[in-house]
Amino acid sequence: MDALKEIFDLKEILKSPIRNKKVILFVSLVFILSLVLLYILVVNIKYFSYLGDIIFQNFQKHVENLKITLNEDNLHIILAIWKNNLTVCILNYILGIFSLFVIAVNSYILSYVLYKFGAESFIYLVLPHGIIEIPALILSASGGVLFNMGLVNFLINIKFGTKREVLYYIKESLKLLILSIILFIVAGIVEGTITFKIAKIMFS
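Now for a description of the structure that goes with this document. What you see is a predicted model; the values in this text were computed from it and never measured.

Cut-offs applied
The numbering scheme is per chain: residues are counted from 1 as the chain's sequence reads. The predicted origin of the model limits local features to residues at a pLDDT of at least 70 and limits the giving and counting of side-chain atom pairs to 80 or more, whereas totals for whole chains, interfaces and linings rest on all residues. The basis for every side-chain value is the complete set of heavy atoms in the structure, and neither hydrogens nor water enter the calculation. Each aromatic pair joins two rings of Phe, Tyr and Trp (for Trp, the six-membered one) with centres within 6.5 Å, and gets the label stacked for planes under 30 degrees apart, edge-to-face for over 60, and tilted for any other angle. Counting from the N terminus, the helices are the DSSP runs of H or I reaching at least four residues and the strands are the DSSP runs of E reaching at least two. Note on classification: 1.4 Å probe, protein chains only; a residue is buried when its accessible area is under 20% of the maximum for its type, exposed when over 50%, partly exposed between these limits. The definition of a nonpolar core used throughout is a set of buried Ala, Val, Leu, Ile, Met, Phe, Trp, Tyr and Cys residues joined through side-chain atoms within 4.5 Å. Contacts are assigned to residue pairs with any non-hydrogen atoms lying within 4.5 Å of each other. A helix's residues, less one, multiplied by 1.5 Å, set its expected span. Any Lys or Arg side-chain nitrogen located within 4 Å of an Asp or Glu carboxyl oxygen qualifies as a salt bridge.

## Examining the packing of aromatic side chains
Stage number 1. Applying the stated criterion to the full structure yields three aromatic pairs.
Stage number 2. Taken together, a centroid distance of 5.4 Å and an interplanar angle of 40° make the contact between Tyr93 and Phe147 tilted. On the criterion of sequence distance, the pair formed by Tyr93 in helix H5 (residues 74–95) and Phe147 in helix H6 (residues 99–156) is long-range, its members being 54 residues apart.
Stage number 3. Judged by its relative accessible area of 10%, Tyr93 is buried.
Stage number 4. For Phe147, a relative accessible area of 23% translates into the label partly exposed.

## Description of the nonpolar core
Across soluble globular proteins, nonpolar side chains have a tendency to be buried as a group.
Stage number 1. Counting residues in hydrophobic clusters, the biggest one holds 34 residues, and the most contacted among them are Val27 and Ile103.
Stage number 2. Put simply, the parts of the chain that give this core at least two residues each are helix H3 (21–44), H5, H6 and helix H7 (163–203).
Stage number 3. Take this core: its biggest share by element is 16 residues, from H6.
Stage number 4. In contact with Val27, other than residues within four places in its own chain, are Leu100, Ile103, Ile138, Ala141, Ser142 and Val145.

## Some words on the side chain of Ser121
Stage number 1. Counting through the fold element by element, Ser121 comes out in helix H6.
Stage number 2. Not counting residues within four places of it along the chain, the set of residues in contact with Ser121 comprises Val126 and Met202.

## Some points on H5
Stage number 1. With 22 residues, H5 ought to run about 32 Å at 1.5 Å a step, and its terminal C-alpha atoms sit 31 Å apart, in line with that.
Stage number 2. Ile77, Ile78, Ala80, Ile81, Asn85, Cys89, Asn92 and Tyr93 are the residues of H5 that are buried.
Stage number 3. Trailing H5 by a residue or two, Gly96 shows a phi angle of about 65°, which is positive.

## As for the pattern of salt bridges
Stage number 1. Tallying each qualifying case throughout the model produces five salt bridges.
Stage number 2. Between Glu172 and Arg19 there is a salt bridge, with its nearest N and O atoms 3.2 Å apart. Residue Glu172 is found in helix H7, and its partner Arg19 is found in helix H2 (residues 10–19); the two are separated by 153 residues along the sequence.
Stage number 3. Of the charged contacts in the structure, one is a salt bridge between Asp53 and Lys116, with a shortest N-O distance of 3.9 Å. Note that Asp53 is positioned in helix H4 (residues 46–65) and Lys116 in helix H6, a separation of 63 residues in sequence.
Stage number 4. On the basis of relative accessibility, which here comes to 47%, the residue Lys116 falls in the partly exposed class.
Stage number 5. Members of the salt-bridge network, linked through shared partners, are Glu12, Arg19, Glu172 and Lys175.

By themselves, these figures tell us nothing about what the structure is for.
Printed below as a string of structure tokens:
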């Protein structure tokens, strides 16, 4: 019961990124480096821009499956975004270390959008919600990595793989997951209102 109290304690949740800054910095570095590297590849090598076309088309189909139109009310849009984002959030956590692949794919999409539509459109369509959504993505992946670290310690039973340390990793990973969910919810509201209004003006 005390463990659950600690996991859902707001102060503890807000402090968890500081305690786990090394893991978060590592995942952030993967995101930034993959974004820069993939942008360079997309700009300079046709194969990567062609692959970007395929990934972006699949992404567009996924968005179309959400059945969002320019005439939708904000609540419907926000709910659709929440469903999509929270699915990605949980998937990131479950995948653990393999969530770095999800980070790389998202970097690919962002680098392709920047290349395809230019910096101005990128800023208008990504930045408003992206400044919240990208940290949420990184936190969910970091939580997954921490969870994997706990499992590895438990499975190989190394010197530091005590029950206490395993529980520590799991609790810390859940705190990052909760914080990620909160940020994804906020990002969904921003995307469904501010970003959507900008998109409506740009494309109508």
